[in-house]
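Coordinate analysis (summary)
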Amino acid sequence: MSALTDPTVTATPRRPRVLSGIQPTADSFHVGNYVGALKQWVELQDTHETFYMVADLHAITVEQDPPTLRSRTRASVAQLLALGVDPERSVLFAQSHVPAHSQLSWVLECQAGFGEAGRMTQFKDKSARSASAEHVSVGLFTYPILQAADILIYQADTVPVGEDQRQHLELSRNLAQRFNSRYGKTLQVPEPYILKATAKIYDLMDPSAKMSKSLPGGVLDLLADVKKSVKSIKSAVTDTEREVRFDEVNKPGVSNLLTLLHVFTDSPIAELETGFEGKGYGDLKGDLAAAFTAFVEPVQAKVKTYLDDPAELDRILAGGARRAREVADATVRSVYEKIGFLALGAE
């Protein structure tokens, strides 16, 4: 009797599927990227069927230097691997290696309203920074639709979201529901996966601002020279007091340093505060510099190993693309059939 007919055999339930991505728009990820998303990408591998992409299609909504984009894409993959994304447990791929993303995006663009796309907050923010409308690409306007396609094409059950992505996820849900209403159940309507409460990481030079590439002076890059990062930590803004305590309102700089030390040591902040009784900010910065160094040096060594073997990186990406296309192409076939496109006959 086969497992299909034996009533004593229980099928293993499918893990919920999750999709997330990161753009290759910088030479290095920074600590904010790691704490806010990538650390949890690694943890989700234990509980979810994980699809992770380097979103190079999204990167070209602004002008890119081609060799730099290729270099940053490989560097992004190398960092994900070094941080713990396992290509045997996750589908890790470059977005441009799966043409179905663009195919589904066009169909969804034809389902979306112009006003609906124009209300996307990030489009309004990014286009406002441009000198003129002539410098704002159509791709920047429609990229939330491509982002919806990224999610829906893998029939993702859940999508990790922070506050800045909630609007885009809601657009994905609306487009899936609209398509299903018009053409019949085809696309999974994804639910938000609320990331567990994570430490908020702020700029070392301006602890009122989130750590970001837009404020390069206070960013801790994972691939930066470690001595330079240590210097940045030692120069971090604190205050005119001496007491090391966690108080985000009155002591934002010190609180940020304690948060970072918590991230790299896993020690509770209250325990860290107790350990610094009678000590000063120099001790705090010294301990943080040591903890960051202990974390980042092995990561950098692993990244270098991957980057020194681009053929292996390409092999990993090719394997991920094959696995991604199996799911994505099936979704596009179903969508095309529902919408009325002719199936491709035999040549």
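Residues numbered from 1 in each chain as written. Predicted model: local features only at pLDDT ≥ 70, side-chain atom pairs only at ≥ 80, totals over all residues. Heavy atoms only, no water.

Looking now at the overall build of the protein chain. Scanning the protein chain from N- to C-terminus turns up 13 helices and 5 strands. A total of 347 residues make up the protein chain; the buried ones form 46% of that total. Considering only residue pairs separated by 6 or more positions, the protein chain has 76% of its internal contacts joining residues 24 or more positions apart. Here the protein chain has roughly 17700 Å² of accessible surface; of this, 53% comes from carbon and sulfur atoms. (Helix = DSSP H or I, 4+ residues; strand = E, 2+ residues; numbered from the N terminus. Buried < 20%, exposed > 50% of the residue type's maximum accessible area, 1.4 Å probe, protein only. Contact = heavy atoms within 4.5 Å. Areas by Shrake-Rupley, 256 points an atom, 1.4 Å probe, with all protein chains shown as cover.)

In this section: the nonpolar core. Val31 and Phe264 are the most contacted members of the largest nonpolar core, which has 51 residues in total. Counting only elements with at least two residues in this core, the list comes to helix 1 (31-44), strand 2 (49-54), helix 3 (66-83), helix 9 (226-234), helix 10 (252-265), helix 12 (281-307) and helix 13 (310-339). Split by domain, this core shows at least three residues from each of two domains, domain 1 (17-198 + 309-339) and domain 2 (226-306). Setting aside its immediate chain neighbours within four residues, Val31 contacts Ile201, Met211, Leu220, Leu222, Leu260, Phe264 and Phe292. Ranked by size, the runner-up nonpolar core spans 35 residues in total, among them Val91, Ala100, Ala149 and Leu171. (Core = buried A, V, L, I, M, F, W, Y, C linked by side-chain atoms within 4.5 Å. Domains from an automatic or database assignment.)

Here the focus is the side chain of Arg173. Along the chain, Arg173 falls in helix 8 (residues 166-183). Sequence-distant contacts of Arg173, defined by excluding residues within four places in its chain, comprise Val189, Pro190 and Glu191.

It is worth spelling out helix 7 (residues 138-152) at this point. Given 3.6 residues to a turn, an α-helix orients residues that are three or four positions apart in the same direction. An ideal rise of 1.5 Å per residue puts 21 Å on 15 residues; helix 7 measures up with 21 Å between its terminal C-alpha atoms. At Pro144, helix 7 is deflected by roughly 40°, the largest bend along its length. For helix 7, the buried fraction is high: 13 of the 15 residues fall into the buried class. (Expected span 1.5 Å × (residues − 1). Bend = angle between axes of the 7 residues up to and from the residue.)

The subject of this paragraph is the side chain of Asn180. Inspection of the secondary structure puts Asn180 in helix 8. Engagement of the side chain of Asn180 in a polar contact is seen with the backbone oxygen of Leu187, the distance being 2.8 Å. Once residues within four sequence positions are removed from consideration, Asn180 is found in contact with Lys185, Thr186, Leu187 and Val189. (Polar contact = N/O pair within 3.5 Å; in protein donor to acceptor, adjacent residues only side chain to side chain.)

Feature annotation in UniProt assigns "binding site: L-tryptophan" (unreviewed entry) to the following positions: Asp150. According to the relative accessible area criterion, Asp150 is buried, its value standing at 1%. Aside from chain neighbours lying at most four places away, what touches Asp150 is Leu19, Met53, His58, Gln95 and His101. Side-chain polar atoms of Asp150 contact the side chain of His58, separated by 2.7 Å. (UniProt positions renumbered as here; feature names shortened; annotations may be inferred.)

The subject of this paragraph is the pattern of salt bridges. Following the criterion strictly, the structure yields 14 salt bridges and no others. A salt bridge links Arg89 to Asp46, with the nearest nitrogen and oxygen atoms 2.4 Å apart. In this pair, Arg89 sits in the loop between helix 3 and strand 3 (90-94) while Asp46 sits in the loop between helix 1 and strand 2, placing the two residues 43 residues apart along the sequence. In this structure, the salt-bridge partner of Glu241 is Lys251, at a minimum N-O distance of 3.0 Å. Of this pair, Glu241 sits in the loop between helix 9 and helix 10 while Lys251 sits in the loop between helix 9 and helix 10, and the two are 10 residues apart along the sequence. Owing to a relative accessible area of 41%, Glu241 belongs among the partly exposed residues under this scheme. The class for Lys251 is buried, based on a relative accessible area of 0%. Through salt bridges with shared partners, a single ionic network connects Asp239, Glu241, Glu243, Arg245, Asp247 and Lys251. (Salt bridge = Lys/Arg side-chain N within 4 Å of Asp/Glu carboxyl O.)

Before going further, it helps to examine the packing of helix 9 against helix 12. Where helix 9 meets helix 12, the axes come as close as 10 Å, and the angle between the chain directions of the two elements is 155°. Judged on the interaxial angle alone, helix 12 and helix 9 are roughly antiparallel. Helix 12 is crossed by helix 9, and the crossing has right-handed handedness. Along its contact with helix 9, which presents Val226, Ser229, Val230, Ile233 and Lys234, the element helix 12 presents Lys285, Gly286, Leu288, Ala289, Phe292, Thr293, Val296, Glu297 and Gln300. A class-by-class count of the residues in the contact of helix 9 with helix 12 yields 7 nonpolar, 4 polar and 3 charged. (Axes fitted to C-alpha atoms, helices over the stretch in contact; angles between N-to-C directions. Parallel < 35°, antiparallel > 145°, perpendicular 65-115°, else oblique. Left-handed = near helix turned anticlockwise from the far one by under 90°. Nonpolar A, V, L, I, M, F, W, Y, C, P; charged D, E, K, R; others polar.)

Tracing the backbone through its elements, the reader meets Leu204 in the loop between strand 5 (191-194) and helix 9. According to the relative accessible area criterion, Leu204 is buried, its value standing at 2%. For Leu204, the residues in contact, after removing those within four places along its chain, are Met211, Gly218, Leu220, Ser232, Ile233, Ala236, Val237, Asn256, Leu257 and Leu260.

In this section: the packing of aromatic side chains. One pass over the structure, following the stated rule, counts 9 aromatic pairs. Arranged with centres 4.7 Å apart and planes meeting at 40°, the rings of Phe179 and Tyr183 form a pair that is tilted. Here the residue Phe179 and the residue Tyr183 both occupy positions in helix 8, the gap between them amounting to 4 residues, near one helical turn. Using a relative accessible area of 0% as the deciding quantity, one classes Phe179 as buried. Where Tyr336 meets Phe341, the ring centres are 4.8 Å apart and the plane angle is 85°; that geometry is what we call edge-to-face. Residue classification places Tyr336 among the partly exposed residues on the basis of a relative accessible area of 25%. Taken together, the ring pairs in this structure connect Tyr34, Phe264, Phe292 and Phe295 into an aromatic cluster. (Phe/Tyr/Trp six-rings, centres within 6.5 Å; stacked < 30°, edge-to-face > 60°.)

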